[in-house]
Every structure is written in C-alpha cells, then in structure tokens.
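As a plain string of letters, each chain reads:
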Amino acid sequence: MIKPVVLWSDVLIFILVAFMAAFFWHLRSRPLTLKRWRSVFHSHTGVASFVVILFYLLIAVTDSLHYRLPLDKIEGSDDVHYSQDVRSLLDDILHDLNSLDETTYSEPFSLYSFAKINMQDDSGGVYRDYPRLASAGSHLQTEEDIHADIVQRSVWGLALGLMISLLIIVPHWLWRRRYAAQSSVPWVTAYLTLAALICLSAWALLLGQVYHIFGTNQVGGDVLYQSIKAIRTGVLIGTLATLLTLPLAVVLGISAGYFRGWVDDVVQYIYTTLNSIPGILLIAASVLLIDVYIETHPDDFQLVAVRADFKFLALCFILGMTSWTGLCRLLRAETLKVSQLDYVHAAQAFGVSHARIIFRHIMPNVMHLILISLVLDFSVFVLAEAVLSYIGVGVDPSMNSWGNMINEARAELSRDPVVWWSVSAAFALMFVLVLAANLFSDRVRDAFDPRFH
Amino acid sequence: MLAYIIRRLFYAIPILIGVNLLTFALFFMVNTPDQMARVQLGDKHISADAIEEWKSQRGYDKPLFLNTADDSGGLLTDTIFYEKSLRLFVFDFGKSDEGRVIGEDILERMWPSLALALPTFIVGILVNIIFSLFIVMFRASLFDTAAMIFCVALMSISGVFYIFAGQYFFAKLWHLVPISGYLGGLDAVRFLVLPVIIGVISGIGGGTRLYRTLFLEEAGKDYVRTARAKGVSELAVLFRHILPNGLIPILTSVVVVIPSLFMGSLLMESFFGIPGLGSYTLNAIWAQDFAVVRSMVFLGSVLYIIGLILTDISYTLVDPRVRLS
C-alpha cells in the first residue's frame, strides 16, 4: 500500500480551492457583485485567461496529492518501510516524461547528447563524438525515421487531444443549449482555449514518451517534466503570498481609516517604517534567517520534501509580511472617505457598534480594492519568485521551480554553444501563467474599479 | 518651507529607529551571533573556541543591550546594540565580516551604481512618456487596444529574460558591446549601453500603461473638452493641455525613487559585472555578510525617507495650490 503524505502546502492549496468554490457559490446570493463578475466573464480575454488559470490550478492540485511508495520487504520482517522519495499524482501522469533517463544535456528532439565524450570504435581506437542518448528515440528503426515519426506522433497527439476536448465540450454544449440558452458568456472562446490546452498537453505527453521535447538538463532530467512540476510552486507562491498580505493590510488599513487618531498614527508609522526598508533586502534577510534556523534544527526536517516545504511556506509568509503596505495605504485612504458618508454617521448616531459598522458599511465599499490588489499581486509574486531564486533567497534548490531553472541558466548560457532550452521552457510556462493572470486582473479591475466605469 | 523640511527630518528619526530595531531584532535576536558563526565557519563539528574567536574578531562577543560586566562606564555603550546598530545613525557602518571598511566601499561603489541607474531612470521616463502620449493620440482605436495588449505581454515577461536575451544577442552573437565588466571614465559608456537599454525596455510595459491611464484621465476633463470645442487642434490639445497637466502626477510619483538610485540594481549589476552597490549587496547576501546587509538596509531607509520629503516638496513646486503645513 502507498502511504499518503500531506505537506502543509498541500493542505493550504486544498483549502484555497475550497475557498474559491465557496466564494463563487456565495456570489449567487449577491446580485450586484454577480453583475460585476458577469462583466468579467463576458469579455473574451477574461474567459480565455480564466480557463488558462484554471488549467494551471488543476495541474497544481494534481501535483499536491503526495504519497510515498513502499520499499521491497526485508526478508523475515513484516515491517513496511517507505521510500524517502515523495511522489505526487502528477508524477504518475507524467511518468513517461520522467522515465527517459539520460546523463547530461541534450537538445530538444535530439537523439544525441550535447557533449562529446571519448568512445571506442570496433578496433579499440579512441575517438571523440556525441554519444547516442540512452532512451530518447530508442524505438526508431533507423535515425532517418525521426521526422516521419515526429509528424505521425504529432498527428496522433492532436487527434487524441481533439477527441478528449470534444468529449468534454459537446456534453456541456448540449446541456447549455437545453438549460442556459440565453447565456452571453463567450463560450466559444472558452471551448477554443480549453481545446488548445488539451491538444497541446496530449501532443506533449505523446511525444514526450519517446523524445525530450524541451531537451534535458545538466544531469539528464527532462526539462518539460521539470517545468511542468514547477507550476505548483509558481501557482502556490502567487496565491499564498497574496492571501497572506490580506490580514495585516485589511485590519490595519481599515482601522486606521475608521478610528483615526492614535491608531492612524501607529499604522502609518508601521507601514512607513516597513516600506522604507528596501523590499528585496528585507526578504533576503528573513530568508537567510530561515536558512540558519533549518541548518541549526536538522532533526525537525528529516525528509527533503518536508524541509523544502517548510522553507517554501516561510518564503510565502515573508513575501506576504513584506508586501502588505501598498494595499494597506489604499484601504486607509478609501476608509477615510467612506467613513465620512452620511449613512455611516447615521449608523454611529443610532449607536451601532464599530465592528458592525465596519463589516456592514465599510467593508463592502472597499472590497473592490482588496479584490483588485489580490489579482494584481498574483503575477507580481510569480515573477518575484524567479528573481528571488536567482539571488539565492528563493525556494529550496531541491524544489522544482522556474526560478531554480533560470538560476541554473547562468552557467548554461555561458557555455558555447549555448544551452538555451531549459531557461526558455521556464520562461515560456511562466509567461503564459503571468500573461493570463495579468489579462484577467485587467478585466477584474475594469469591472470593479469605479474609476474605470 | 525650511521649517517644514526640518520638521519632516525630525519625523524621520522614529522611523529610522524602527528600522534599526527591526534589523537588530532580525540579525541578532532571532538569529544569534553563535548561529551566524556556525554558518560562516561552515562546519557542523566546529569547536567552541573557533566560534568565540570568530565572534570576538568581529565584535559580536559583547552582550546585546546591557554590559553588566563592564565597570568603566560601558554599561550601555560596550554592547552589540550600541556598536552595531546605533553607530549607523552617524553613518559609521563599521567593518564587514570580512574586515573591509563598509563606509569606504559604499563611497567607492556608489558612482558606478549611479552611472547605470540615472540614465536608465531618465531615458525610461522619457520613452514611457513618448510612447504613452503616442497611444493617447490614437485613443479608443484598434492601435490603442493592440498597444495595450502588447504592454501587458511585455509586463508578463520576467525581467531576467530581457537580460538573458539582450546579453545573448547584443553581446554574444553580434559583438556590439562587451558581455559584462566595467571601466571608469568615458570607457564606462561601452559597458553601460546594454544594461541601460535593457533596463528601459523591461520598464516599458508597466510604465507606458500607467502613464496612458494618467494622460487619459486628464484627457477626459472639462478644460480639454472646452479647448476642443473652441476648435483648438488635436495636437495642440495634446501638447499644450494634456501633456503639461498629465506630467504633474507622473513627476511627483517618480521623485520618491530618485535618492534610492544610489542603491543601484541588484540584478543588472550582478549580471553585467558592474561594481556598484547593487552587486555589493548581492555579494553580501551570498556570503551571508550580515554587517554589509544591515548597513545597506539602513542606507536604503534613509534614502527612501529623503525621497518622501522630496515628493512633498515637489508637490508644492509643480502645483502652487498645495501648501505645506
């Protein structure tokens, strides 16, 4: 039997998904907010970027179901020991990608290694040449078949992708025609985006069984596999860090604006002080402290995955704790304005408690600021991870992340000829996620920010 | 005005004390000098003597706040807090953990940082203003939409990508400029061209988009409509009305970063091998040289606070209606 492993970040990602579902469910009873959200989903870019974000989220969720495989039983013992290697459901889906073992760099779709080694010919003489890759393309009869094989597999992959897409889309379309014919959501855009994503995945999975689509890295690992595994890190860092900015920003911002006086002074003092410290230095200093903590408490972190997870959560926490000042300032200013409105004065005159006024009258009026900054910050944090990992204060080096891949590229790009594929794959997958998040946040801002009406 | 500036400088003191206490707590209380020594010396089975020696060489062997053992009046002064934290207020940064004098390093490395950051800053603002004005000229057209999507795409690309791509094409493939390095004097231009261009390009997406919003806000105001109704030409409206008024929020919003330009850019300087304060800081982070990191945190805060004061002053300069009180 396998042994499930629940990392703290797994718990958080499931809470997050549940929270998102509850949020959209809750919207059903809020006609005004619902109207705003509708306008987000009535635009083509809004729908398309949402589908892309959901797709990334789905990958992140499948990569969060962790377990450990049992090791072979020792003779004469009933104890089951488990592997130190923590796997996830995504690893099973991508099994074929990860199973091609090479030893060093190879170009995308290449059958040969990228570096020459000494080899012996039949007569025992030594010559230098590019060795054949161990497993990529090992099914080919002759090497000339490779182009025909790639084309054939691509066609099969796309056909398979189209079939899966149709299996999902057609039932939904039929259901919609019957029950929700009046919908003005641009469903065609959603279908097309989804079909494109599924076709691309099917193509990559089918070709990835026998080739390295994005080449291999220094130790021969498949780059495509790595960059897909990095999705979880990117998505999680974006969402967790963003959510962690909320408590301080909301509580301090609103109380400063509502209570004024000394509360306002204290809050302003705190955020000016925190703001005045160069952000990256504060983050770097805090992460270095976490490193020291881990190094001096090795007993608490037996599994590599647990250590990486702890460091990862600490990083999210640090990012959240150092980035709340912007939203706090906005909320303070808006609350100052809102709390001067007549109905707030009326509520105060009636003797309504502060807590009630804040929740009933202030919060709904500043909610749009919170929402807009939530979606805006997401992409900022995803991009920040790359820079932080480059500086060496990012996620644990054992964790798959785009930042770590980019970090390795420093050495790869100074080689001659240049090893360009690893870093390109990281940039490409990151770009798609950040672009989708940016486009989506634009639509959300257009819908919720009163200045844009 | 002078009275206001002096008062603002006094307000800065509690903030700097806050920064100071925060960094002190982070660097000495959460993580003790013992742990620092252990990480620096790198060995798990290090002897206690070696740790003590490392600490005493760098002055970390004193008590944190109160030195009760010292009878000669050093109760408060012969402590880590006084020596390492309070001394920062007179810009006495002390020595780095490697033994170099930090103050001298900063003075020396400030200029390359400025030589890179200042042109990037100025050219960046000019380019963004020109682009956004051009887009505002064709507002609400297909060109506007396309340009905005282009800007979002530019914003979605990691800054590191621009550096990699620039270095690869301009330096490695076309040999137009050196890949990295730095020379003093006029030779510096050769080394600075590429980082400045990359710095400007990586800021275009966000900057142009922001400035476009600011100009559009101006373009929607009544006086612009009046001007158009009078029959003023579109170009005259753009350059005589929208541009000068739109510049006010733009200029006042960038003033805050001007003093911080001295701090340089971590990424740019390290990728292009420019011996400025950014790469200095980064090297300190890599070497876990907390003395340098602490000094840079303090310097950064001081410069930021100066930036805040300059922002307030700039408001009164560009808009006579604002009075400092």
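Because the structure is predicted, anything quoted here is derived from the model rather than measured.

Undergrad: Looking at this structure, I do not really get the overall build of chain B. What am I missing?
TA: What chain B contains, in helices and strands, is 13 helices and 0 strands. For chain B, the succession of helices and strands along the chain, N to C, is α-α-α-α-α-α-α-α-α-α-α-α-α. For 325 residues, the compact-globule estimate of 2.2 N^0.38 gives 20 Å, and chain B exceeds it by more than 25% at 25 Å. Dimensions along the principal axes, computed over C-alpha positions, put chain B at roughly 85 × 60 × 35 Å. A total of 325 residues make up chain B; the buried ones form 34% of that total. In chain B, once contacts between residues fewer than 6 apart in sequence are set aside, the share between residues at least 24 apart is 67%.

Undergrad: Any chance you could explain the nonpolar core here in plain terms?
TA: One recurring pattern in soluble globular proteins is that nonpolar side chains are buried together. All names here are of chain A. Membership of the largest hydrophobic core comes to 155 residues, with the highest contact counts inside it found for Ala 284 and Ala 426. Element by element, the count of residues in this core is highest for helix 8 (residues 223-259), at 18 residues. Not counting chain neighbours up to four residues away, the residues in contact with Ala 426 comprise Ser 227, Ala 230, Trp 402, Met 405 and Ile 406. Ala 136, Ile 198, Ala 202 and Leu 207 belong to the second-largest nonpolar core, a separate cluster that totals 9 residues.

Undergrad: It is not clear to me how helix 3 (residues 48-58) of chain B should be interpreted in this structure. Could you clarify?
TA: Side chains that are three or four residues apart share a direction in an α-helix, a result of its 3.6 residues per turn. All names here are of chain B. Among all positions in helix 3, only Ile 51, Trp 54 and Arg 58 are buried. Projection of helix 3 onto a plane perpendicular to its axis shows the buried side chains occupying an angular sector of 65°, all on one side. Exposed residues pointing more than 90 degrees away from the buried face of helix 3 are listed as Ala 48, Asp 49 and Ser 56. Contact partners of the buried residues in helix 3: helix 2 (33-41). Immediately beyond the C-terminal end of helix 3, within one or two residues, lies Gly 59, with a positive phi of roughly 75°.

Undergrad: Looking at this structure, how should I read the interface of chain B and chain A?
TA: Interface extent is often summarised as the accessible area lost during association of the parts. The interface of chain B with chain A comprises 36 residues on the first partner and 37 residues on the second. Top element by residues in the side of chain B that touches chain A is helix 13 (residues 290-318) of chain B. It accounts for 7 residues. Taken together, the residues that form the side of chain B that touches chain A break down as 25 nonpolar, 10 polar and 1 charged.

Undergrad: Explain the domain arrangement of chain B here, please?
TA: All names here are of chain B. Domain annotation of chain B identifies domain 1 (2-90) and domain 2 (102-318). Using only C-alpha atoms to locate each centre, domain 1 and domain 2 end up separated by 35 Å. The interface is formed by 13 residues belonging to domain 1 together with 10 residues belonging to domain 2. At 9 residues, helix 1 (residues 2-29) tops the list of elements feeding residues into the side of domain 1 that touches domain 2. A breakdown of the residues in the side of domain 1 that touches domain 2 according to their chemical character gives 9 nonpolar, 3 polar and 1 charged.

What counts and how
- Residues numbered from 1 in each chain as written.
- Chains lettered and ligands numbered in written order.
- Predicted model: local features only at pLDDT ≥ 70, side-chain atom pairs only at ≥ 80, totals over all residues.
- Helix = DSSP H or I, 4+ residues; strand = E, 2+ residues; numbered from the N terminus.
- Rg over C-alpha atoms; globule rule 2.2 N^0.38 Å.
- Buried ≥ 20, exposed ≤ 12 C-beta atoms within 10 Å, placed from the backbone.
- Contact = placed C-beta atoms within 7 Å.
- Core = buried A, V, L, I, M, F, W, Y, C linked by C-beta atoms within 7 Å.
- Arc of directions from axis to C-beta.
- Nonpolar A, V, L, I, M, F, W, Y, C, P; charged D, E, K, R; others polar.
- Domains from an automatic or database assignment.

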